There are 2 protein chains.
Amino acid sequence: MKIGIVGLGLIGGSLGLDLQQLGHQVLGVSRRTETCERAIARRAVTQASCDISLLATAEVIFLCTPLGAIQATVEELILHLQPETILTDVGSVKTPVVEKITPLWPSFVGGHPMAGTAATGIEAAQPQLFAGRPYVLTPVATTPPEALETLRELLRSLEVQLHQCSPQDHDRAVAWISHLPVMVSASLIAACMRETDPAVVELAQKLASSGFRDTSRVGGGNPELGRMMAEFNQPQLLRSLQGYRHCLDQIIAKIEQQDWSGIEQILVQTRQARPQFLNPSDQPQDPPTP
Amino acid sequence: MKIGIVGLGLIGGSLGLDLQQLGHQVLGVSRRTETCERAIARRAVTQASCDISLLATAEVIFLCTPLGAIQATVEELILHLQPETILTDVGSVKTPVVEKITPLWPSFVGGHPMAGTAATGIEAAQPQLFAGRPYVLTPVATTPPEALETLRELLRSLEVQLHQCSPQDHDRAVAWISHLPVMVSASLIAACMRETDPAVVELAQKLASSGFRDTSRVGGGNPELGRMMAEFNQPQLLRSLQGYRHCLDQIIAKIEQQDWSGIEQILVQTRQARPQFLNPSDQPQDPPTP
């Protein structure tokens, strides 16, 4: 199959590596010539160009640009395409993308591979990044069934864990388990920054251990990514934040009221619920708990 | 030196293993005969008994019972002691312990080893558990300097990272970096449990990855431990929770106002601040971030 990839970063590059390996012809487009050259050198693409018209004859095109660039990319891209070309994206929010792109190109299927590393860029691309990981597709009522089936078949060959749902359900789910944790975790760091007693600050920094490290990890991550989650998933993230604030307020109230068995009950429930959100395929051993 | 340990669990047992290894005579007391036998078999103690009078001639005694049992233990113990015996505890909150025990026994020094594993009990005890880890002592104005110095010397021989501060500063610091994260993390799990759409719940559970796993870890931990933090460190934990709620409300307000650069600014600041709270000695590599 002739496959196009726009955006040759971690996700686009890793898709290219696997698809080339499977024998497909992979055409890559990047804004930077150096990235095109590195993608060819790393065998992530067969051919690469800064000119999007390279993809004119591609059968399936993966849009791997940042969320904010998808619409402009599609507007330029579709001037060159044949009507049966299948477009799909890899953005981490689906409703706004699907709402904007579907009217422009009916054979569009929203997608979200739940895989990645802390690193970015073509040099971070790696084979088998998606194998065994969830990959969500969010077709809508107007999505041509044959476009969806072609894409599903292609993704199955990457050995992904395929899921399918509405764009809104996707965005609600990732608000809970991906976007809310970033805001919760960032608030923890921001709160510790409010301590004004220098002796307490110094002590807190020296005594902080794995509990703080893990709870603060995603709040100390990429700020552009966090902003993007908030900007593109605003309604669902706000919904999750309101739910979170309610739970936090319940805990604060119980501590104020010295309702210790109430606190313990909540913690018994959260201990019971947590394993349902842990994928065995995604499990390093939990580190020691001081 | 003749050293007593009351409570032969993870902390008491691990202290015993190291102190025996250093050539001290270690006398252990547990409520359960089996624990005494296992502690002897594991060479965590030289002698052990369920009768606390075993410790009558000890020079330094580590109180390694749960926080709620320390006062009753001391009240019983001091009936048997010589006045120069040094008492110290290993509880994770210091103000209430120091306030209750100091009037009963002037040669008491509050202590808190910041070490542990997820496992508990004498079988979890291990050598060198404290080496390289922070160990906080919280003497007060009336603490005899020679008692403090004897204890400091003993702890130095365990190669701990020794810190010293007031009980209140200790409790404020651990409220930020240890107790607040538990409540923040538990609220995240509790919030996800509020989702009522079964399709979204199922999807969230399937898509949750390392971000959710890490942010929720301490909130899915031991409920008794979480309750104890709240109960014994109530004023400082509430202070931290109020500060946290303020930061969370700021983030919610910025998302409501669509102040995306404001969100990004906060995340730039939290990314900068986080490394100050990470101890290099305590660092596994951060896991991949999907």
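Residues numbered from 1 in each chain as written. Chains lettered and ligands numbered in written order. Predicted model: local features only at pLDDT ≥ 70, side-chain atom pairs only at ≥ 80, totals over all residues. Heavy atoms only, no water.

A. Layout of the overall build of chain A. Within chain A one finds eleven helices and eight strands. Judged by the C-alpha coordinates and their principal axes, chain A covers about 70 × 40 × 30 Å. Relative to its 290 residues, chain A shows a buried fraction of 58%. Restricting the contact set of chain A to residue pairs at least 6 apart, pairs at least 24 apart contribute 68%. Here chain A displays about 11500 Å² of accessible surface, and carbon together with sulfur accounts for 50% of that area. Across chain A, 22 positive and 29 negative side-chain charges occur, with their mean positions spaced 3 Å apart. (Helix = DSSP H or I, 4+ residues; strand = E, 2+ residues; numbered from the N terminus. Buried < 20%, exposed > 50% of the residue type's maximum accessible area, 1.4 Å probe, protein only. Contact = heavy atoms within 4.5 Å. Areas by Shrake-Rupley, 256 points an atom, 1.4 Å probe, with all protein chains shown as cover. Lys, Arg positive; Asp, Glu negative; His and termini not counted. Charge placed at Lys NZ, Arg CZ, Asp CG, Glu CD.)

B. Local environment of the packing of aromatic side chains. Under the counting rule described, the total for this entry stands at two aromatic pairs over all chains. Here the aromatic rings of Phe212(A) and Phe277(B) are separated by 5.1 Å at their centres, their planes lie at 35°, and the arrangement is tilted. On the criterion of chain membership, the pair formed by Phe212(A) in helix H8 (residues 210-216) and Phe277(B) in the segment after helix H11 (260-273) is interchain, its members lying in two chains. (Phe/Tyr/Trp six-rings, centres within 6.5 Å; stacked < 30°, edge-to-face > 60°.)

C. Representation of the relation of the copies chain A and chain B. In screw terms, the move from chain A to chain B is a rotation of 180° and a rise of 0.0 Å along the axis, fitting with an RMSD of 0.0 Å. Here the symmetry operator amounts to a two-fold rotation axis. Taking the C-alpha atom as reference, chain A places Thr215(A) closest to the rotation axis, 2.1 Å from it. (Least-squares fit on C-alpha atoms with pLDDT ≥ 70 in both.)

D. Here's a closer look at the sheet that holds strand S4 (residues 60-63) of chain B. Residue and element names in this part refer to chain B. In space, the eight strands of this open sheet follow the order S3-S2-S1-S4-S5-S6-S7-S8, with mixed pairing throughout. In the strand order of this sheet, the two ends are held by strand S3 (47-49) and strand S8 (161-164), each with one partner. For this sheet, the mean inter-axis angle between neighbouring strands, taken without regard to orientation, is 25°. Sheet topology note: the strand S1 (residues 2-6)/S4 ladder contains four bridges and is parallel. Bridge assignment links Gly4 to a residue of S4, and that residue is Ile61. (Pairing = 2+ DSSP bridges. Axes fitted to C-alpha atoms, helices over the stretch in contact; angles between N-to-C directions.)

E. Representation of the packing of helix H6 (residues 167-192) of chain A against helix H7 (residues 198-207) of chain B in the model. One way to put it is that H6(A) packs onto H7(B) with a least axis distance of 8 Å and a crossing angle of 55°. In terms of orientation, H6(A) lies oblique with respect to H7(B). The handedness of the crossing between H6(A) and H7(B) is right-handed. Residues Asp169(A), His170(A), Arg172(A), Ala173(A), Val174(A), Trp176(A) and Ile177(A) of H6(A) form the contact with H7(B), whose participating residues are Ala199(B), Val200(B), Leu203(B), Ala204(B) and Leu207(B). Looking at the contact of H6(A) with H7(B) residue by residue, the classes come out as nine nonpolar, one polar and two charged. (Parallel < 35°, antiparallel > 145°, perpendicular 65-115°, else oblique. Left-handed = near helix turned anticlockwise from the far one by under 90°. Nonpolar A, V, L, I, M, F, W, Y, C, P; charged D, E, K, R; others polar.)

F. Layout of the sheet that holds strand S3 (residues 47-49) of chain A. All names here are of chain A. Across the sheet, which stays open at both edges, the eight strands sit in the order S3-S2-S1-S4-S5-S6-S7-S8 with mixed pairing between neighbours. Looking at which strands have only one partner, the edges of the open sheet turn out to be S3 and strand S8 (161-164). Going across the sheet, the axis of each strand differs from the next one's by a mean of 25°, ignoring polarity. Where strand S1 (residues 2-6) and strand S2 (residues 25-29) come together, five bridges link them in parallel fashion.

G. Molecular detail of helix H11 (residues 260-273) of chain A. Between its first and last C-alpha atoms H11(A) spans 20 Å; for 14 residues at 1.5 Å apiece the expected length is 20 Å, and the two agree. Regarding H11(A), the residues found buried are Trp260(A), Gly262(A), Ile263(A), Glu264(A), Ile266(A), Leu267(A), Thr270(A) and Ala273(A). In the core, the buried residues of H11(A) are packed alongside helix H10 (234-256) of chain A together with helix H6 (167-192), helix H9 (223-232) and helix H10 (234-256) of chain B. (Expected span 1.5 Å × (residues − 1).)

H. Representation of the interface of chain A and chain B. Taken together, the contact between chain A and chain B spans 102 residues of the former and 102 residues of the latter. Regarding the contact of chain A and chain B, the summed buried area is about 10000 Å², with carbon and sulfur atoms giving 66% of it. Linking chain A to chain B there are eight salt bridges. Asp249(B) is the salt-bridge partner of Arg245(A), the closest N and O atoms lying 2.5 Å from each other. At the surface where chain A touches chain B, the tally comes to 32 residue pairs in polar contact (both at pLDDT 80 or more). Every element with two or more residues in the side of chain A that touches chain B is listed here: strand S7 (134-138), H6, helix H7 (198-207), H8, helix H9 (223-232), H10 and H11 of chain A. Taken together, the residues that form the side of chain A that touches chain B break down as 51 nonpolar, 29 polar and 22 charged. (Buried area = accessible area lost by both parts, 1.4 Å probe. Salt bridge = Lys/Arg side-chain N within 4 Å of Asp/Glu carboxyl O. Polar contact = N/O pair within 3.5 Å; in protein donor to acceptor, adjacent residues only side chain to side chain.)

I. Quick look at the confidence of the model for chain A. All names here are of chain A. Confidence in the prediction of chain A, expressed as mean pLDDT, is 95, and 96% of residues score 70 or more. Predicted confidence is poor over residues 285-290, with pLDDT under 50, and the contacts of this stretch with residues over four places away or in other chains come to 22 contacts. At the level of chain-chain contacts, confidence expressed as ipTM amounts to 0.92, with global pTM at 0.92. (pLDDT = per-residue confidence, 0-100.)

J. Region of the structure containing helix H3 (residues 70-77) of chain A. Residue and element names in this part refer to chain A. For H3, the set of buried residues is Ile70, Thr73, Val74 and Leu77. The arc enclosing the buried residues of H3, seen along the axis, measures out at 95°, which places them on a common side. Here the buried face of H3 lies against S1, strand S4 (60-63), strand S5 (86-89) and helix H4 (95-101). (Arc of directions from axis to C-beta.)

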